[in-house]
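One-letter residues, chain by chain:
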Amino acid sequence: MLRLPTFTFHRPKTAAEAVRIKCDHGNEAMYVAGGTDLYPNMKRRQQTPTHVVSLGEIGELRSIDVRKDGGVSLGAMVLLSQIEAHPYLRQHYPAFVHAVAEISTPLLRNMGTIGGNLLLDTRCTYYDQTHEWRESIDFCMKKDGAICWVAPGSPRCWAVQSSDTVPVVCALEATVDLVGPQGARSLVAGELYRDDGIQYLTKKPEELLTRLHLPAPGGWQASYVKLRRRGTFDFPVLGVGACLWMSGKTITKANVRLGGAGSYAIPAAETEKALVGRELTDEVIAAAGALAMKPARTMDNTDLDVYWRRKVAPVYVARALQACR
Amino acid sequence: MTDPGKVLATFFVNGERHECAFAPHKTLLEVLREDLQLTGTKHGCELGECGACTVQIDGVPVLSCLVVALEAVGKQIRTVEGLADGPTLHPLQETFADLGAAQCGYCTPGVLMTAEALLRRDRCPSRDTIKQCLAGNLCRCTGYLKIFEAVELAAARLRGEPAEPRKETIHGS
Ligand SMILES: Cc1cc2nc3c(=O)[nH]c(=O)nc-3n(C[C@H](O)[C@H](O)[C@H](O)COP(=O)(O)OP(=O)(O)OC[C@H]3O[C@@H](n4cnc5c(N)ncnc54)[C@H](O)[C@@H]3O)c2cc1C
Ligand code: SF4
Ligand code: FES
Ligand code: FES
């Protein structure tokens with residue numbers, strides 16, 4: 001059987017107490033929300049905290065609040081299934097809700113949280129394997145080893161950003177609240193991530209993500225399109241999040257993020273530039289989509305063929321743009 | 001805080017209290033099967049990838065292989081052993097048996113727990129709703145068709161309709 005390694009389980013009642021416990025144990029401790037990312041990783045010994053700090057008892061992280069401006073603030077411990085079922089979110093944030101509904105399976109969405117999804121570990125064919133599997137070919141640099149099996153000459157890890165909500169949340173320019181020993185701070189979601197498969201977050205390990213703030217609806221249209229082998233279970237091997245701000249029919253600003261195509265949700269900068277000042281015609285969509293092949297830095301470390309994944313990036317970007325109409 | 005070693009806790013499973021001592025890093029699946037001898041719940045992948053271990057916690061179907069048992073203390077746990085009412089099978093169990101919706105049977109406890117939660121929420125689910133709802137329970141034998149038909153038939157019987165399986169389902173077409 002695949003068992004969890006031994007650890008001490010902590011169940012603090014407040015965010016401040018959780019941060020204190022995490023600080024007391026340093027690198028030996030990790031937070032756990034729904035555990036649907038951390039526990040499989042612990043069973044495969046990819047992550048091996050000896051202290052696990054559960055956020056399950058912290059009531060303040062569970063609320064969904066509609067703000068005065070019509071925007072929505074979600075606690076980090078809000079379940080994915082709660083988001084799917086929330087009438088206001090369904091009405092005003094269909095792209096975000098769609099991304100959530102595309103995650104894993106209904107059973108896992110009854111357990112997984114939005115906070116855990118935003119902080120999901122990066123993934124790689126050579127990393128998401130049992131300890132024995134990884135040992136048999138020798139460990140890679142993301143855990144216990146020194147080499148990268150995908151790009152053996154590379155000094156860095158190319159593990160893949162695999163959360164479905166991250167491309168949308170970054171495109172929307174949503175913000176997140178973090179709490180650490182030095183107090184609280186807020187970031188635009190895009191600033192939470194780094195282009196590195198190992199250090200994929202800019203936040204300090206002890207910082208707790210407390211809330212996600214979605215911008216007020218109106219003036220923009222968003223979408224999310226996902227590529228995967230099966231219609232359920234599978235992580236995205238390409239996930240396009242788009243958000244277009246409009247004045248009448250003219251696009252005034254465009255954010256297009258490519259998930260599953262690198263270690264962070266990569267901005268398709270040329271695509272974005274080609275959209276601003278234009279109307280969303282079929283020609284503009286096709287031309288803007290074509291520009292998305294270059295930024296898609298797919299590597300041979302996920303499901304499906306690496307060249308094909310890169311080749312279909314324009315198609316998926318075009319579909320995402322069409323869905324914004 | 002709980003130290004490594006064993007902890008003592010009380011679980012409510014299928015309406016009964018169970019006190020038991022177990023290692024605090026055990027999953028709910030491991031405690032159910034190994035400490036409470038409730039082996040109806042199956043272990044498959046143990047990584048969230050198959051649904052064989054599905055149980056209900058406070059009425060919601062979840063994967064017991066990814067729940068630390070300590071998080072389930074004080075909550076109402078329901079397993080496949082709690083579906084029948086004494087000697088009377090749950091309508092889902094009846095229709096799964098009658099229609100051949102269980103072949104090797106390994107996925108069946110998990111499928112039943114997911115489907116039962118659906119039928120409590122939706123008395124008349126469409127085929128598409130049933131498919132979506134069972135999208136986290138893999139079955140390697142049936143090809144799913146008989147599972148969907150069995151859920152539909154059980155739903156009809158739970159609504160009080162005198163529904164019978166289609167002839168094609170039992171005898172083939
Ligand atoms: C079979 C399977 C399929 C999956 N498919 C998908 C998929 O298609 N798309 C997808 O996006 N995901 C998928 N997942 C991954 C996962 O289920 C989801 O991403 C889920 O939302 C993670 O949330 P969680 O609460 O379970 O995270 P956890 O496992 O609890 O935590 C994830 C990480 O975030 C940290 N963390 C969690 N909450 C906080 C917080 N508030 N503050 C600071 N740190 C925190 C944890 O320490 C951990 O490192 C899949 C998982 C499985 C097992
Ligand atoms: S990209 Fe390379 S270093 Fe990173 S997890 Fe994969 S094999 Fe390991
Ligand atoms: S054993 Fe839990 S999902 Fe496979
Ligand atoms: S009946 Fe064998 S796996 Fe479903």
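Since we're looking at a predicted model, the values are computed, not measured.

Asks: Whenever I open this one, the pairing of strand β4 (residues 60-63) of chain B confuses me. Can you help?
Replies: Two faces belong to every sheet, and in a regular strand the side chains alternate between them. Residue and element names in this part refer to chain B. Looking at chain direction, strand β3 (residues 54-57) and β4 are connected through four bridges and run antiparallel. The partner of Ile 57 across the bridge, within β4, is Val 60. The turn linking β3 back onto β4 is made up of two residues, and Asp 58 within it adopts a positive phi angle of 50°.

Asks: Where do I start with the site of ligand 2 in this structure?
Replies: Taken together, 14 residues surround ligand 2, and among them Cys124(A), Tyr126(A), Cys140(A), Cys148(A) and Cys157(A) come closest. Residue composition of the shell around ligand 2, by class: eleven nonpolar, two polar and one charged.

Asks: Would you explain the nonpolar core in this entry?
Replies: Side chains of nonpolar character tend, in soluble globular proteins, to be buried together. Residue and element names in this part refer to chain A. By size, the foremost hydrophobic cluster in this structure holds 141 residues, and its most contacted members are Val 240, Ala 242 and Val 317. Setting aside residues up to four positions removed in sequence, Val 240 forms contacts with Pro 167, Tyr 224, Val 225, Val 256, Leu 258, Tyr 316, Val 317 and Ala 320. Grouped together as the second largest cluster of nonpolar side chains are twelve residues, Val 150, Trp 158, Ala 159 and Met 299 included.

Asks: Could you clarify how one ought to interpret the sheet that holds strand β6 (residues 175-180) of chain A in this entry?
Replies: Paired through their backbone hydrogen bonds, the strands of a sheet run either parallel or antiparallel. Residues and elements named next belong to chain A. The five strands are arranged β4-β5-β8-β6-β7 in an open sheet whose pairing can be described as antiparallel. What marks the edges here is a single partner per strand, and that holds for β4 (64-66) and β7 (183-188). Ignoring strand direction, the axes of neighbouring strands in this sheet form an average angle of 20°. Two elements, β4 and strand β5 (residues 72-75), share three bridges in a ladder whose sense is antiparallel. Residue Val 66 lies in a different strand from β5, and its bridge partner there is Val 72.

About the thresholds
Residues numbered from 1 in each chain as written. Chains lettered and ligands numbered in written order. Predicted model: local features only at pLDDT ≥ 70, side-chain atom pairs only at ≥ 80, totals over all residues. Pairing = 2+ DSSP bridges. Helix = DSSP H or I, 4+ residues; strand = E, 2+ residues; numbered from the N terminus. Near = placed C-beta within 6 Å. Nonpolar A, V, L, I, M, F, W, Y, C, P; charged D, E, K, R; others polar. Core = buried A, V, L, I, M, F, W, Y, C linked by C-beta atoms within 7 Å. Buried ≥ 20, exposed ≤ 12 C-beta atoms within 10 Å, placed from the backbone. Contact = placed C-beta atoms within 7 Å. Axes fitted to C-alpha atoms, helices over the stretch in contact; angles between N-to-C directions.

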